[in-house]
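Summary of structural features
Single-letter residue listing:
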Amino acid sequence: MTDTVEVTLKVNNRKATRRVEPRLLLVDFLRHELGLKGAHIGCEQGVCGACTVLIDGRSARSCLHFAVAVQGADIATVESLGSRDALHPIQEAFHKAHGLQCGYCTPGFLATTVELLARNPDPDEAEIRRALTNNICRCTGYANIVKAVRAAAAMRAVPGRAA
Amino acid sequence: MADRRHYIGQDVLRREDEYLLRGRGRFVDDLPTPTDTVHLGFVMSPYAHARIVTIDVSRALAHEGIIAVYTGDDIAKLVQPIVAEIEFPGYHRHGRDVVARGKVRFVGEHVAVVVAENAYAAQDGIELVDVEYEPLPVASDLETATQPGAPLVHDAIPNNLIFKGQFSTKEFAAGFARGEHVIRERFRSGRVAGVPMEPRGCLALPDHVGDSIVFYSSTQIPHLVRTALARCLDVTESRIRVVVPEVGGGFGTKAQIYPEEFVVAALSFDLRRPVKWIQDRREELLTDIHARDHIYDVEIAFDDQGIVHGLKLSLWTNAGAYSTLPFGCTLEATGGARMIVGPYRISNYAYETHAVATHTCPSGAYRGVAQPTCFMAIEGLMDRIGRKLGIDPAEVRLRNMVPTKDLPWVNVVGVRYDTGSFVESLERALAVIDYAGFRARQPADRLVDGKYRGIGICSFTEVSGTGAPGWRARGLVRMPGFDSSIVKVEPTGKVTAYVSHANGGQGHLTTFAQVVADAVGADLADVTIIEGDTGATPYGTNTFASRSAVTGGGTLIRASTKVKEKMRRIAGHMLETAPADIVIEGGRAFVVGVPQVGLDFAGIAETAYSMNNFGLPEGDGYGLEATDFYDPPLVTMANAVHIVQVAVDVEDGRVEIERYLVVHDCGRIINPMIVNGQIHGGTAQGIGEALMEEMVYDSEGQLQNATLLDYLLPTAEDVPNFEIDHLESPSIDAEGGFKGVGEGGVIGAVPAVVNAIADALAGLGININRKPLRPALLVRLMREARAGRPAA
C-alpha cells in the first residue's frame with residue numbers, strides 16, 4: 001500500500017494538499033493529516049454520526065468517504081464555527097441548554113444543526129427531532145439538544161446558507 | 001455563624017462546554033502522538049469455544065508496516081493472568097490470560113496482538129495472522145448452560161456455576177404462608193450494553209529515561225487501573241502514571257479494567273516505544289462488558305389487602321466467559337437479590353442467586369447494574385397484585401411502602417435508608433400526571449385510533465455512593481469505598497482542588513467547583529478542579545455506581561473545611577481577633593459584623609506561605625492545604641418514581657411514549673441542570689433497553705448484531721421530552737447531604753416502560769414479563785391474543 005495520491009481539499013476555507021494512501025478515510029485525513037480532531041469516529045459505518053461534517057454544504061459522514069473521493073470538495077468542520085473569542089450562536093445555544101455531556105458526539109450534532117437551520121430557519125420540534133436522528137447521543141437523552149436547536153433557531157443563528 | 005451557601009443548588013453552566021463545543025476536547029484518539037508511536041491491532045477469535053491449534057504469524061510479519069506479532073504465550077511472559085478479587089462463599093475464582101492461550105471462550109477474545117507502524121497497517125496485519133482452531137461445543141445461553149452435560153466454560157467450575165449465594169430471613173416459610181395469595185412469575189431480561197459513543201483506547205508514552213510510562217486510557221477508574229497494571233506487570237506504581245483524557249461516555253462500560261490496557265502498557269515497557277490502541281465499534285460491541293442477561297423466578301405472597309407477606313427469588317445472571325476486573329461476576333447476582341425490596345416494607349424474604357458462565361462476552365457493571373431488572377420484577381409484581389385483587393397498582397405500592405415517619409429504616413438485607421420520600425414521591429407523581437384522570441379515561445381511549453394505551457409506574461430506590469462495607473457485603477474484598485481529595489489555597493489566594501474521581505461527561509469540573517467554593521468560602525471563578533490523574537490526585541475508588549456527588553462531594557467538603565479552619569486561625573491571628581469571630585465567604589475573611597475589617601485569600605496565603613512578617617498562629621505550620629479520605633456509609637439511598645404513558649399501535653406494534661414524568665429525590669442537589677441531564681440520559685438508555693436494545697447470540701455463541709446498524713440505540717425520535725419534579729431529602733449519613741443520581745434514569749425507565757405496555761395490553765390477556773418489547777414481539781402477542789391462543 002505504498003502508492004499514494006495527491007488530494008486537495010478546501011477545508012474551513014483553506015486549501016489543503018497532502019499525498020495520502022487512496023484508502024485513507026476523509027475523517028482520518030481531517031484528523032491525522034490536518035490535525036482537525038473535532039470530528040470523531042464512533043462506528044466507521046455511517047450510523048452514529050459522530051464524524052459528521054459538511055461537504056459542499058451538506059451534512060455527510062466523513063467515515064464513509066475516502067479523502068481521494070471528495071477531491072476538490074469544500075469541507076466545513078466544527079473548527080470553522082465561532083471565532084477566537086466567541087462561540088458560534090449554535091454552540092452558545094448548546095452551552096446554555098446543557099445540550100452536551102461527554103461531548104464526543106457534539107461536533108456531529110453541530111454540523112447537522114447548521115445544515116438544518118440553513119435549510120429550514122424555523123423548524124418545529126418534530127422537524128428538529130427528525131433532523132437529529134442523523135446523530136446518536138448516548139448521554140443527553142436528546143431533550144436538551146432539541147432545546148438548544150430551538151433556541152438557536154429563535155436567534156436566527158444561521159443566516160441563509162450552511163457554513 | 002453558619003456560612004451561607006452560594007453555589008450549591010444553582011444551575012451553574014458547565015466549564016467543560018467551550019472546548020468540547022469547539023471540537024477541542026482531547027479524547028484519547030485526539031492526543032498528540034510522537035512520530036515513533038506504534039499501533040496495536042488485536043486478532044479476535046471467530047469461535048465462541050475452540051482450542052487454538054496453531055498461530056502462524058509469518059504472513060503478517062512479511063507485510064510492510066508490521067513490526068511484530070505477539071501471541072498469548074508471548075504476552076504471558078509480560079503480563080500475569082488477571083483474577084477478579086472476590087472472596088465469597090460459593091464463588092469460584094478463575095484466572096484469565098489477557099491474550100488467550102490454549103483455548104478461546106467467547107467470540108472476540110484476543111488471540112494475538114499485531115504491532116504496526118500505523119493503524120491501517122495494524123488492520124492489515126490482523127487479516128494476515130493465520131490461526132487454526134479446533135471448534136468445541138458451546139454453552140451459549142443462561143437457560144441451558146447449567147444443565148447436565150452442558151459444555152464447561154472452565155474445566156474447574158462444575159455446571160458453569162461461578163457463583164451461588166443465598167439468604168433467608170428466619171421462619172421464612174411460616175411468614176410466606178400468611179399471605180392468602182401467591183403469584184409466581186418468571187421475568188426475562190435481554191442482554192444489553194452501555195455502548196458509549198467513544199469506543200475505548202489507550203496510549204502509553206514512555207518517559208525520556210525509559211523507566212516509566214504515562215498511560216492514557218479512556219477509563220472511569222484511573223487509580224484502580226494503575227494498581228492492576230502494577231500488579232500484573234510486576235512494576236512499581238511509581239513507574240505508571242494513569243491519566244484520563246476526555247472520556248466519551250462511560251456508563252460503567254469503562255469502569256472495568258480490560259485486557260488491552262495491560263497489553264498496551266506491557267508492550268510500551270517491552271518495546272520502549274509509545275504504544276497506541278484505539279478500539280473500533282465491532283470490538284466494542286463484541287468485547288466491552290455486557291449486562292442484564294437475567295432471569296428472575298419470583299414468588300410473592302400477599303393478603304386480600306395487597307400487603308406483601310413474603311418474597312422468594314431465584315435469580316440467574318449470565319456472567320459470560322470470565323469474571324471481569326474489578327467487580328468480578330457477583331455484582332449483578334448480589335445486586336439484583338439485595339436491591340429488589342426497594343422502597344417496600346418486605347421483611348420476609350429469601351433468595352438464591354447465581355452467576356453462570358457461558359461462552360459469551362463477559363458481563364460487568366453497566367449503569368444501574370441489576371436495579372433495572374430487579375425493579376422490573378418487583379414493580380411487575382406490584383401491578384400483578386393489583387390486577388389480581390382489583391386494587392389499583394399505585395395503591396398497592398402505597399400500602400407496602402416504608403413511610404417517611406419510619407425512616408431511618410434498615411431493610412431486610414441490612415441496608416439502611418437514612419432519609420427518603422417514597423410515599424411523597426409517588427403521591428406527587430400521581431398528582432402531577434393526573435393518574436386518576438388517566439385511569440378514568442383509559443377504557444374509552446382503547447383503540448380509538450388503533451392504539452392501546454397504558455400507564456406504568458416504577459417506584460424505586462437507587463443505591464449510590466457505596467462505601468467499603470457495601471462492597472464487602474457483596475464479596476469485593478479489595479474494592480475500596482473511599483474517595484479522596486487535596487484542597488489547596490495557593491500563594492496567590494486561588495483555590496485548586498485535586499480529587500480522586502475521573503470525568504466522563506458528568507460535569508465534575510463544574511459541580512465539584514461549586515462544592516469547594518461553598519465549603520472554602522471562595523469565589524467560584526477562583527476554584528479549579530483537577531482530577532483523572534494518578535500523578536496529581538490521591539488514591540480513590542473513582543467514578544461509577546453513582547458515586548461522584550457522595551464520595552467526591554463529601555471528601556471535598558471535608559478537605560475544604562480543614563483548609564477553611566486554618567484560614568480562620570491565620571486571619572484571626574492577623575486581625576487580632578479570635579478565630580471563632582472570623583467569617584469567611586466570597587473569597588474574603590472578615591470580623592463578624594464588621595465586613596470592612598478583613599483580608600482577601602491572597603493576604604492570608606502570604607502568611608501561610610511565609611511571604612510577609614506576620615508569622616503563623618501558634619501550633620500551625622506552613623502551607624494552606626488539606627488532604628482528606630472519605631469513606632461514605634454502606635450505601636446512600638436515593639429514590640424516585642417514573643410514570644410513563646404509552647400508546648401501542650395494534651397494527652405495527654410500535655410503542656409511542658405520550659408522556660414521561662420523573663419525581664426524583666437525590667438529597668441535596670448540587671446543580672439541578674446537571675441532575676436533570678443525568679436523568680434525561682439515563683431514562684433514554686432505559687427506554688432503549690425496554691423497547692429495542694438487545695445483544696442477540698445464536699446457539700453457536702455468535703453475536704448476531706455486532707454493529708450499530710443492528711444493535712439499535714434510541715434516536716431523537718424515540719425519546720420524549722421529560723417532565724421532572726424534585727423532592728430533596730438530604731442524607732443525614734453522608735457528608736453534605738448528597739445522594740447519587742447517575743443511575744436513577746435507567747433504573748426507573750426500564751420497569752416503567754415495560755409496565756406501561758403491560759398495562760396497555762392487560763385487557764387482551766397478554767402477560768408482559770420480558771424485555772426488550774420490540775414491535776415484532778408485540779404484534780405477535782397481540783395477534784395471538786386476538787386469535788385466542790395462550791400468550792407467551
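1. Topic: the overall build of chain A
- A count of helical and extended segments in chain A gives five helices and five strands.
- Computed over the C-alpha atoms, the radius of gyration of chain A is 16 Å, within 12% of the 15 Å expected from 2.2 N^0.38 for a compact globule of 163 residues.
- Counting only C-alpha atoms and orienting by the principal axes, one finds that chain A spans roughly 50 × 30 × 25 Å.
- Taken across its 163 residues, chain A has 56% of its residues classed as buried.
- Summarising the internal contacts of chain A: among those between residues at least 6 apart in sequence, 61% fall at separations of at least 24.

2. Some words on the interface of chain B and chain A
- On the side of chain A, 44 residues touch chain B, which itself brings 42 residues to the contact.
- It is helix α18 (residues 672-691) of chain B that provides the largest number of residues to the side of chain B that touches chain A, a total of six residues.
- Looking at the side of chain B that touches chain A residue by residue, the class counts come to 17 nonpolar, 13 polar and twelve charged.

3. Regarding the sheet that holds strand β3 (residues 52-55) of chain A
All names here are of chain A.
- Strands sit in the order β2-β1-β5-β3-β4 across an open sheet of five strands; the sheet is mixed. Strands with a single pairing partner mark the edges of an open sheet, and in this sheet they are β2 (14-20) and β4 (58-61). Ignoring which end each strand starts from, the neighbouring axes of this sheet average 40° apart.
- Two elements, strand β1 (residues 5-11) and β2, share seven bridges in a ladder whose sense is antiparallel. When the bridges of β2 are listed, V7 appears paired with R18.
- Where helix α1 (residues 26-33) meets the sheet, its contacts fall on β1 and β2, and the angle it forms with β2 comes to roughly 105°.
- Packing against the sheet, helix α3 (residues 106-119) makes contact with β3 and β4, and its axis sits at approximately 35° to β3.

4. Topic: the domain arrangement of chain B
Residue and element names in this part refer to chain B.
- Domain annotation of chain B identifies domain 1 (17-22 + 482-630), domain 2 (31-136 + 198-248 + 254-287) and domain 3 (371-464 + 635-786).
- For domain 1 and domain 3, the distance between their C-alpha centres works out to 40 Å.
- Taken residue by residue, the interface counts 15 residues in domain 1 and 15 residues in domain 3.
- Listed by contribution, the elements that provide at least two residues to the side of domain 1 that touches domain 3 are α15 (508-520) and α16 (548-575).
- Along the lines of polarity and charge, the residues of the side of domain 1 that touches domain 3 split into six nonpolar, seven polar and two charged.

5. Observations regarding the nonpolar core
All names here are of chain B.
- If you look at the biggest cluster of nonpolar residues, it comprises 309 residues, and the most contacted ones within it are V113, V114, V263, V516, V753 and I757.
- Among the elements that line this core, the one with the most residues is helix α19 (residues 744-761), at twelve residues.
- Those residues in contact with V516 that lie beyond four places of it in its chain are V487, V495, A497, V527, L556 and S560.

6. Some points on the domain arrangement of chain A
Residues and elements named next belong to chain A.
- For chain A, the domain assignment lists domain 1 (5-79) and domain 2 (89-154).
- The C-alpha centroid of domain 2 is placed 21 Å from the C-alpha centroid of domain 1.
- Secondary-structure elements contributing two or more residues to the side of domain 1 that touches domain 2 are β3 and β4.

7. Comments concerning the packing of helix α10 (residues 371-389) of chain B against helix α11 (residues 393-400) of chain B
All names here are of chain B.
- Where α10 contacts α11, the two axes come as close as 8 Å, and the packing angle between them is 115°. Between α10 and α11, the angle is such that the two are roughly perpendicular. Helix-helix and strand crossings are classified by hand; for α10 and α11 the assignment is right-handed. On α11, the residues touching M382, D383, I385 and G386 of α10 are P393, V396 and R397.
- Split into classes, the residues belonging to the contact of α10 with α11 amount to four nonpolar, one polar and two charged.

8. Looking at the pairing of strand β25 (residues 527-531) of chain B
Residues and elements named next belong to chain B.
- In β25, alternate side chains face the same way, and those of V527, I529 and E531 are buried while those of T528 and I530 on the opposite face are not.
- By the bridge criterion, five bridges tie strand β24 (residues 495-499) to β25 in an arrangement that is parallel. Paired with V495 across the bridge in β25 is V527.

9. Describing the environment of G737(B)
Residue and element names in this part refer to chain B.
- Along the chain, the position of G737 falls in the loop between β32 (723-726) and α19.
- Overall, the presence of 24 C-beta atoms within 10 Å leaves G737 in the buried class.
- Considered as a pair, G737 and T419 are 318 residues apart in the sequence and their alpha carbons are 9.8 Å apart.
- Sequence-distant contacts of G737, defined by excluding residues within four places in its chain, comprise G667, R668, P730 and S731.

10. Description of the packing of α15(B) against α16(B)
All names here are of chain B.
- Taken N-terminus to C-terminus, the directions of α15 and α16 make an angle of 35°; their axes are 8 Å apart at the nearest point. Judged by the sense of rotation from one axis to the other, the crossing of α15 with α16 is right-handed. When α15 is examined against α16, the residues H508, F512, V515, V516, A519 and V520 are found in contact with a partner set consisting of S548, G552, G553, L556, I557, S560, T561, V563 and K564.

11. Thoughts on the sheet that holds strand β13 (residues 213-217) of chain B
Residues and elements named next belong to chain B.
- Spatially, the seven strands line up as an open sheet ordered β3-β7-β1-β15-β12-β13-β14, and their pairing is mixed. Every interior strand has two partners, whereas the edge strands, β3 (66-71) and β14 (240-243), have only one. Across the sheet, the axes of successive neighbouring strands diverge by a mean angle of 20°, strand direction being ignored.
- The pairing of strand β1 (residues 38-44) with strand β15 (residues 275-278) spans two bridges and is parallel. Following the sheet pairing, H39 is matched in β15 by K276.
- Its contacts with the sheet put helix α6 (residues 222-233) on β13 and β14, and the angle it makes with β14 is roughly 150°.
- Sheet strands touched by helix α7 (residues 259-271): β1, β7 (110-116), β12 (201-206), β13, β14 and β15. Its angle to β12, the strand with the most contacts, is close to 20°.

12. Concerning unusual backbone geometry
- The step from L325(B) to P326(B) runs through a cis peptide bond, and the omega angle for that step is 0°.
- In this structure, P326(B) sits in the loop between β18 (308-320) and α9 (331-339).
- Cis geometry is found at the peptide bond from K771(B) to P772(B), where omega equals 5°.
- Along the chain, the position of P772(B) falls in the loop between β33 (770-771) and α20 (775-786).
- With a phi angle near 60°, E44(A) is a residue other than glycine that sits in the positive phi range.
- Locating E44(A) in the fold gives a position in the loop between α1 and β3.
- We classify E44(A) as partly exposed; it has 19 C-beta atoms within 10 Å.
- Positive phi is not limited to glycine here, since N159(B) has a value of about 55°.
- Tracing the backbone shows N159(B) in the loop between β8 (130-135) and β9 (161-168).
- Of the residues examined, N159(B) has 15 C-beta atoms within 10 Å and is grouped as partly exposed.

About the cut-offs
Residues numbered from 1 in each chain as written. Chains lettered and ligands numbered in written order. Predicted model: local features only at pLDDT ≥ 70, side-chain atom pairs only at ≥ 80, totals over all residues. Helix = DSSP H or I, 4+ residues; strand = E, 2+ residues; numbered from the N terminus. Rg over C-alpha atoms; globule rule 2.2 N^0.38 Å. Buried ≥ 20, exposed ≤ 12 C-beta atoms within 10 Å, placed from the backbone. Contact = placed C-beta atoms within 7 Å. Nonpolar A, V, L, I, M, F, W, Y, C, P; charged D, E, K, R; others polar. Pairing = 2+ DSSP bridges. Axes fitted to C-alpha atoms, helices over the stretch in contact; angles between N-to-C directions. Domains from an automatic or database assignment. Core = buried A, V, L, I, M, F, W, Y, C linked by C-beta atoms within 7 Å. Parallel < 35°, antiparallel > 145°, perpendicular 65-115°, else oblique. Left-handed = near helix turned anticlockwise from the far one by under 90°.

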